[in-house]
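Descriptive structure summary
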Amino acid sequence: MALNLIMLGPPGAGKGTQAERFARVRGIPKISTGDILREAVQTGTEIGRRARAIMDRGDLISDDVIIGIVEERLNRGDARSGFVLDGFPRTVAQASALDRIMNGRDPLIVVDIVVPESELVRRLGSRLICESCGANAPIDGDGALTMCPRCGGRLVQRADDDEAVVLERLKVYHRQSEPLVEYYRARPTFRSVNGAQTPGQVASDLASAIEAAVAPGVPR
Ligand code: AMP
């Protein structure tokens, strides 16, 4: 059975870190719409040029554009044996498009990562990403890192982690993305995980939650 996982949760909940870790362990692709868009901005494609200002002010890219990107990506061969989606869906319209795309495939496993707002603001204000490869630098490591532990690139603040933009992104989350929890909650493959723990503890809770969600006997 293919493991088709989506992660819900506000910006700063750790979706990217957990998605990356889980995808690596399971050998399935991690598909992050934020990463795809940041790459498009960096390489200066048409979509990237239009997305830049929207991302810089903390708003969402239009549903049509992002659904098109995700549909194309999920139809590539490597996603047939499973995937971890990070940052999609973010609106109810995206979630219902995803249900259409998933028609005839194994069910979605939906994990909501829950973190208190004060902790999110703290994390987003202090996180750094690598300018070259886009990896998140660990926040709670030993002392301040100056170089990417993965590729040696320079660590910088994300343009949209600026304080005013963070507050806007959290507002956008509450308004547009939080309703997704209600959209998915009644499904037997929905689980919540406490994200206010160390990354290792969250990863272990996430693995147990997913195991429980796909256990035989869980109706789908
Ligand atoms: P992220 O790295 O997931 O925090 O995404 C960074 C930014 O990319 C968001 O603030 C949005 O502007 C844009 N973005 C990423 N995913 C989506 C999506 N599913 N729908 C609309 N905009 C998105």
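In what follows, the accompanying structure is described. Bear in mind the structure is a predicted one, so any value in this text is a computation, not a measurement.

Attention shifts here to the sheet that holds strand 3 (residues 82–86). Consider a sheet: its strands pair through backbone hydrogen bonds, and that pairing is either parallel or antiparallel. Taken in spatial order, the 5 strands of this open sheet run 2-3-1-4-7, and their pairing is parallel. Unpaired on one side and paired on the other, strand 2 (30–32) and strand 7 (190–194) mark the two borders of the sheet. Going from strand to strand, the sheet's axes swing by 25° on average, the running direction of each strand aside. In this structure, strand 1 (residues 3–8) lies alongside strand 4 (residues 108–114), joined through 5 bridges in parallel fashion. Bridge pairing links Leu8 to Asp112 in strand 4. Sitting on the sheet, helix 1 (residues 15–26) touches strand 1, strand 2, strand 3 and strand 4, and the angle it makes with strand 1 is about 165°. Sitting on the sheet, helix 9 (residues 199–214) touches strand 1, strand 4 and strand 7, and the angle it makes with strand 7 is about 165°.

This part is about unusual backbone geometry. Phi is mostly negative for residues that are not glycine, and the peptide bonds are mostly trans. Residue Pro89 follows Phe88 across a cis peptide bond; omega there is 0°. For Pro89, the location among the structural elements is in the loop between strand 3 and helix 5 (92–101).

Moving on, we get to the site of the ligand. In the region of the ligand, 16 residues are neighbours, and Thr33, Arg38, Asp59, Gly87 and Gln94 sit closest. Gly87 places a main-chain nitrogen or oxygen 2.9 Å from a nitrogen atom of the ligand. Taking Gln94, its side chain carries an N or O atom lying 3.0 Å from a nitrogen atom of the ligand. Within the complex, 95% of the 480 Å² of free accessible area of the ligand lies under protein. Here the shell around the ligand gets 4 residues from one element, more than from any other, and that element is helix 2 (residues 33–43).

Once that is clear, we can look at helix 7 (residues 163–177). Helical geometry: 3.6 residues make up each α-helical turn, so side chains three or four residues apart lie on a common side. Look at helix 7: 20 Å from first C-alpha to last across 15 residues, which is about the 21 Å you get at 1.5 Å a residue. Those residues of helix 7 lying buried are Val165, Val166, Arg169, Leu170, Val172, Tyr173 and Ser177. Take helix 7 and look down its axis: the buried residues cluster within an arc of 160°, on one side only. Facing away from the buried side of helix 7, by more than 90 degrees, are the exposed residues Glu163, Ala164 and Arg175.

Centre distance and the angle of the planes are the two values used to describe a pair of aromatic rings. Counting across every chain of the model gives 1 aromatic pair. Seen from their ring centres, Tyr183 and Tyr184 are 4.9 Å apart, and the 85° between their planes marks the pair as edge-to-face.

A general feature of soluble globular proteins is that nonpolar side chains tend to end up buried together. Leu74, Phe83, Leu85, Leu98, Leu108 and Tyr184 are the most contacted members of the largest nonpolar core, which totals 27 residues. The set of elements that each furnish at least two residues to this core consists of strand 1, helix 3 (46–56), helix 4 (63–74), strand 3, helix 5, strand 4 and helix 8 (179–185). Among the elements that line this core, the one with the most residues is helix 4, at 5 residues. The contact partners of Tyr184, leaving out residues within four places of it in the chain, are Ile6, Leu8, Pro89, Ala95, Leu98, Leu108, Val110 and Phe190. In terms of nonpolar packing, the next biggest core, distinct from the first, is built from 23 residues, Met7, Ile113, Val202 and Ala209 among them.

The next thing to look at is helix 4. An ideal rise of 1.5 Å per residue puts 16 Å on 12 residues; helix 4 measures up with 16 Å between its terminal C-alpha atoms. All buried positions along helix 4 are accounted for by Ile66, Ile67, Ile69, Val70, Arg73 and Leu74. All buried residues of helix 4 lie within an arc of 160° about the axis, which places them on one face of the element. In this structure, the buried residues of helix 4 make contact with strand 2, helix 2, helix 3, strand 3 and helix 5.

Basis of the calculations
- Residues numbered from 1 in each chain as written.
- Predicted model: local features only at pLDDT ≥ 70, side-chain atom pairs only at ≥ 80, totals over all residues.
- Heavy atoms only, no water.
- Pairing = 2+ DSSP bridges.
- Helix = DSSP H or I, 4+ residues; strand = E, 2+ residues; numbered from the N terminus.
- Axes fitted to C-alpha atoms, helices over the stretch in contact; angles between N-to-C directions.
- Contact = heavy atoms within 4.5 Å.
- Near = heavy atom within 4 Å.
- Polar contact = N/O pair within 3.5 Å; in protein donor to acceptor, adjacent residues only side chain to side chain.
- Areas by Shrake-Rupley, 256 points an atom, 1.4 Å probe, with all protein chains shown as cover.
- Expected span 1.5 Å × (residues − 1).
- Buried < 20%, exposed > 50% of the residue type's maximum accessible area, 1.4 Å probe, protein only.
- Arc of directions from axis to C-beta.
- Phe/Tyr/Trp six-rings, centres within 6.5 Å; stacked < 30°, edge-to-face > 60°.
- Core = buried A, V, L, I, M, F, W, Y, C linked by side-chain atoms within 4.5 Å.

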